[in-house]
Amino acid sequence: MPVIAMTQEMGSLSKDVSLQLADALGLAVMRHEAIERVADRAQVSSSLIGRLRDGKAGLVERLTTDKRSVALYTAEEVFSLADAGNVVLRGWGATCLLRPVPHVVCVRITRSLKKRVEWLMGHLGTDDAEFAEAEIRRSDHAHASRMHEQFGVTWGDPVLYDIVLNTDRVSVDSCVEQIRRMVNCPEFAETPASRALLADMALEARVRAALKEHPETRDTSITVQARQAEVRLRGIVLDAEEREQAESVAAAVPGVRGMANELRLMTSSRRFASAKQT
């Protein structure tokens, strides 16, 4: 069940590679419906999601959008699609989200700025190179900022990927062939352990999204860990009611087969600190 995570870089031909790769291997691709599902869960328009991703959102939109909700629902969508397998995921931070999973192939498709500007000029039917370059730089800045903010990484760092392909020198057909070879390498063979890890990461994402979506726990900030479908909740909550509510919401998520509630109460922590000082 191949899972391929790819970068989304304007004018790099990554879209062409992803579509041809999906066709060659019989894989699904992450399509526009994913944007609509994330937008629906975050209660914003799909056009706003697009503007945020492309760096075109206005100041008011950036300040008023709950970016944490968007990130949580995006992660849930990515993990859900990856857990189903047989898919190419382009953009959406998939290369960072899925990097810990051994059988996921993480790919960066890149190209020189000059060629990307030429591509965008042809795509838009314009001879304004300055405008095209500004659009590409804005898109790059938005991607770099989002990757740093969400994952603390430098966008484009080759260490983040298993293979980097430059379409200045490598054709789309050759890119597809190289990625196909990577998928068939023993290093990227799916194993019961890697499959279980991905399933647990997907479950963690569903639990985080459920906690964010529920009115009683949407502001609760705790750590969620899953291992073999048993969910462990850690952190500090305000009171016993919040602790019980978090457990109730998490336990109701499909796929959760066990629960370890290790949440501590803020009042108990304070009393412990006071007793220690005396």
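Here, the structure is the one placed above.
The following paragraphs examine the structure supplied in this document. Every chain begins its residue count from 1, and numbering advances along the sequence as written. In keeping with the model being predicted, local features are shown solely for residues with a pLDDT of at least 70 and side-chain atom pairs are shown and tallied solely at 80 or more, while totals for entire chains, interfaces and linings include all residues. Neither water nor hydrogens contribute to the side-chain values; these are computed over all heavy atoms in the structure.

Here we look at the nonpolar core
Part 1: Membership of the largest hydrophobic core comes to 29 residues, with the highest contact counts inside it found for Val78, Phe79, Leu89 and Leu98.
Part 2: A run of H or I in DSSP becomes a helix once it reaches four residues, and a run of E becomes a strand once it reaches two; helices and strands are each numbered from the N terminus. Of all the secondary structure elements, the ones that give two or more residues to this core are strand 1 (3-6), helix 2 (32-42), helix 5 (67-84), strand 3 (87-90), helix 6 (94-97), strand 4 (104-110) and helix 10 (192-213).
Part 3: If one sorts the elements of this core by residue count, helix 5 sits on top with six residues.
Part 4: Note on contacts: a residue pair is in contact if any heavy atoms of the two residues lie within 4.5 Å. In this view, Leu98 contacts Val3, Ala5, Val78, Phe79, Ala82, Leu89, Val104 and Leu198; residues no more than four positions away in its chain are not counted. What makes a nonpolar core is a set of buried Ala, Val, Leu, Ile, Met, Phe, Trp, Tyr and Cys residues whose side-chain atoms join them at distances within 4.5 Å. Buried means the residue's accessible area, taken with a 1.4 Å probe over protein chains only, is under 20% of the maximum for its type, while exposed means over 50%, and partly exposed covers the values in between.

Side note on unusual backbone geometry
Part 1: Positive phi outside glycine occurs at Asn86, with the angle close to 55°.
Part 2: Along the chain, Asn86 falls in the loop between helix 5 and strand 3.
Part 3: According to the relative accessible area criterion, Asn86 is partly exposed, its value standing at 33%.
Part 4: One non-glycine residue with positive phi stands out, namely Trp92, at about 65°.
Part 5: Along the polypeptide, Trp92 turns up in the loop between strand 3 and helix 6.

With respect to helix 1 (residues 14-25)
Part 1: How far a helix is expected to stretch is found by multiplying one less than its residue total by 1.5 Å. Between its first and last C-alpha atoms helix 1 spans 16 Å; for twelve residues at 1.5 Å apiece the expected length is 16 Å, and the two agree.
Part 2: Among the residues making up helix 1, those that are buried are Ser14, Val17, Ser18, Leu21 and Ala22. Taken around the axis of helix 1, the buried residues stretch over an arc of 125°, which confines them to a single face.
Part 3: Gly26 occupies a position one or two residues after helix 1 and carries a positive phi of about 70°. Taken from the helix axis, the directions to the C-beta atoms give the arc we talk about.

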